[in-house]
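Overview (structure and organization)
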Amino acid sequence: MNEALLRSLTPSVLGILVRRGADFAAAEDAVQDALVKAVHVWPADPPRDPKGWLVTVAWHQFLDATRADTARRRREDLVDEEPMPGPAPAVDDTLQLYFLCAHPSLTPSSAVALTLRAVGGLTTRQIAQAYLVPEATMAQRISRAKRTVSGVRFDQPGDVATVLRVLYLVFNEGYSGDVDLAAEAIRLTRKLAAAIDHPEVAGLLALMLLHHARRAARTAPDGGLVTLAEQDRGRWDTESIAEGIEILQAALAHDRLGEFQAQAAIAALHADAPTAGETDWVQIVEWYDELARLTDSPVVRLNRAVAVGEADGPRAGLAALAALDDSLPRHTAVAAYLHERDGDLATAARLYAEAAHQAPNLAERDHLTRQAARLNARRFR
Amino acid sequence: MAKYLLLKHYRGAPAAVNDVPMDQWTPEEISAHVQYMNDFAARLEETGEFVDSQALAPGGMFVRYDGEGHPPVTDGPFAETKDLIAGWMVIDVDSYERAVELAGELSAAPGAGGKPIHEWLELRPFLAHSPTTTECTLK
């Protein structure tokens, strides 16, 4: 039983049902039912044409459901019109599905949930586990999302940027439950990149691959965070890095720079350095300048201050930091780091402890607390 | 997508506007209050924002380890403890603003005279999972 194959067929099967006239919400339910059936039936009786099998089963599932609760006339119209499950414009359908599931009328959490189910083929239970909410809550979130987009025409062109934001959110959620959301985000972005030639889609895919390549090195055996400088670079996934860099170079050749390409370029420069000390911080600062020009995001300027601290020394980094609002998330953590580099261990220790109190997640809080403890132990020894 | 805890206190929160102890309400007012809380939870489930809701009994103990070979030491209950948690609701919402809005709604549950209690609820963000792409900002 190949679950990956099954899930990869989800969007095209759903697209075929919608093109046959099924409304999106009902078609999506029918495809989920067909997936569940496949899981039970295929191990003992594998179909010769998995996609054809899914289309047939999902279509009948849809007709049964329609029969149960809507007018017979509409159903008969549909049956009369039923085309043969021949070759379908799978690529276009997949792209339309991405647009629909990331529609701007959806909240970010709804768009994420709908994308994972309708494009990713995950079950409601898997999505609920990944986001640590009850299955009933996730089921409602998905059905509301489907209602929200029910009036949207399926063949309407969408905005790639909204799709990329949703995929980036999925990637950043990381890992919980039995679904690896980062890997899932890469799979979905890869599929999107195959469906549309767009440098920012490629840029996001490259960014994900470059970050994912470092995953094994990012966590200590005790679960603690390992910073980029301290990571064992021998544990980075070189294959993934090579692929990310290749995709990024091809994207940059289009000469249509966007924020994901710029972020990927920064990740690539980190990935390219044999040791932390050999990192090309001057170029990284230049990419942060590009990124700041593209997004005007204070978070980017904060990261830029770190890079400036490495390229031109901690005093320069602190000067760049001074220009920023100190209520920015992680501002204190960056200040602590730069003060430590500048040799002011007392200030650094105090700021690390303060940053730990403001940390938005447990791993960062523990990491910052350890930094403070490390400096305090050294100072008071 | 962030989780928040809405914490309800028996004691320890600032006094509510409509601060009449529940045992002095009419039975109908109590029913209306319970109904409001149930409806609120049901509505959140429908919006896909509900995670959990629990009530706690007021009587509790402090317990601590007392060394190898000794049973744990218990102490309490402390009638005069300043802060006492009555229960909680956990929500999963798109923004801090939405969390505040929902806490406000929950605080409007009806009490004595059928009027909103205006109870102070404590709103606490969960520490999230570490996002995949933090290490650049963490340095």
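Starting afresh in each chain, residues are numbered from 1 along the sequence in its written order. Each chain is given a letter, starting from A, and each ligand a number, starting from 1, according to the order in which they appear as written. The predicted origin of the model limits local features to residues at a pLDDT of at least 70 and limits the giving and counting of side-chain atom pairs to 80 or more, whereas totals for whole chains, interfaces and linings rest on all residues.

A look at the packing of helix H14 (residues 259–272) of chain A against helix H15 (residues 281–295) of chain A
Residues and elements named next belong to chain A. As a packed pair, H14 and H15 sit with axes 9 Å apart at the nearest point and diverge in direction by 165 degrees. Judged by the angle between their axes, H14 and H15 are roughly antiparallel. Considering how the two elements wind past one another, H14 and H15 form a crossing that is left-handed. Residues Glu-259, Ala-262, Gln-263, Ala-265, Ile-266 and Leu-269 of H14 lie in contact with H15, whose contacting residues are Gln-283, Ile-284, Trp-287, Glu-290, Leu-291, Leu-294 and Thr-295. Charged residues are taken to be Asp, Glu, Lys and Arg, nonpolar residues to be Ala, Val, Leu, Ile, Met, Phe, Trp, Tyr, Cys and Pro, and polar residues to be all remaining types, Gly included. Taken together, the residues of the contact of H14 with H15 break down into eight nonpolar, three polar and two charged. Axis definition: a line fitted to C-alpha atoms, limited for helices to the stretch in contact. Angles are taken between N-to-C directions and run from 0 to 180 degrees. Strands here are runs of E lasting at least two residues and helices are runs of H or I lasting at least four, both read from the DSSP assignment and numbered beginning at the N terminus. Any angle between 65 and 115 degrees counts as roughly perpendicular, while under 35 counts as roughly parallel, over 145 as roughly antiparallel, and the rest as oblique. For any helix crossing, the convention is left-handed if the near helix is rotated counterclockwise from the far helix by under a right angle, and right-handed if that rotation is clockwise. In this description, any two residues whose backbone-derived C-beta atoms lie within 7 Å of each other are considered to be in contact.

What about the domain arrangement of chain A?
Frequently, the measure chosen for interface size is the accessible area that the parts lose on association. Residue and element names in this part refer to chain A. Domain boundaries shown here were taken from an automatic or database domain assignment. As far as domains go, chain A holds domain 1 (1–88) and domain 2 (89–164). Contacts between the two partners involve 16 residues from domain 1 and, on the opposite side, 16 residues from domain 2. Breaking the side of domain 1 that touches domain 2 down by element, the ones donating at least two residues are helix H1 (3–19) and helix H2 (24–41). For the side of domain 1 that touches domain 2, the element with the highest residue contribution is H1, accounting for ten residues. When its residues are assigned to classes, the side of domain 1 that touches domain 2 shows nine nonpolar, three polar and four charged.

Things to note about unusual backbone geometry
Residues and elements named next belong to chain A. Notably, Asp-255 is not glycine yet its phi reads approximately 60 degrees, a positive angle. Here Asp-255 is to be found in the loop between helix H13 (238–252) and H14. The exposure class assigned to Asp-255 is exposed, which follows from the 7 C-beta atoms found within 10 Å. Comment: burial labels come from other C-beta atoms within 10 Å of the residue's own C-beta, placed from the backbone, where a count of 20 or more is buried, 12 or fewer is exposed, and between is partly exposed.

Side note on the nonpolar core
Core analysis: the largest hydrophobic core is formed by 127 residues, its most contacted members being A:Leu17, A:Ala27, A:Ala58, A:Leu167, A:Ala206, A:Leu210 and B:Ile91. Sorting elements by how many residues they give to this core places helix H11 (residues 199–212) of chain A first, with nine residues. Of the domains in this structure, domain 1 (1–88) and domain 2 (89–164) of chain A are the two that each give at least three residues to this core. A set of buried residues qualifies as a nonpolar core if it consists of Ala, Val, Leu, Ile, Met, Phe, Trp, Tyr and Cys joined through C-beta atoms within 7 Å.

Structural notes on helix H8 (residues 135–148) of chain A
For H8(A), which comprises 14 residues, the first-to-last C-alpha distance of 20 Å matches the rise-based estimate of 20 Å (1.5 Å per residue) to within 8%. Looking at H8(A), one finds that the buried residues are A:Thr137, A:Met138, A:Gln140, A:Arg141, A:Ile142, A:Ala145 and A:Lys146. Where H8(A) is buried, its residues meet H2, helix H6 (108–119) and helix H7 (124–130) of chain A together with helix H1 (27–46) and strand S2 (50–55) of chain B. Helix span, expected: 1.5 Å multiplied by one less than the number of residues in the helix.

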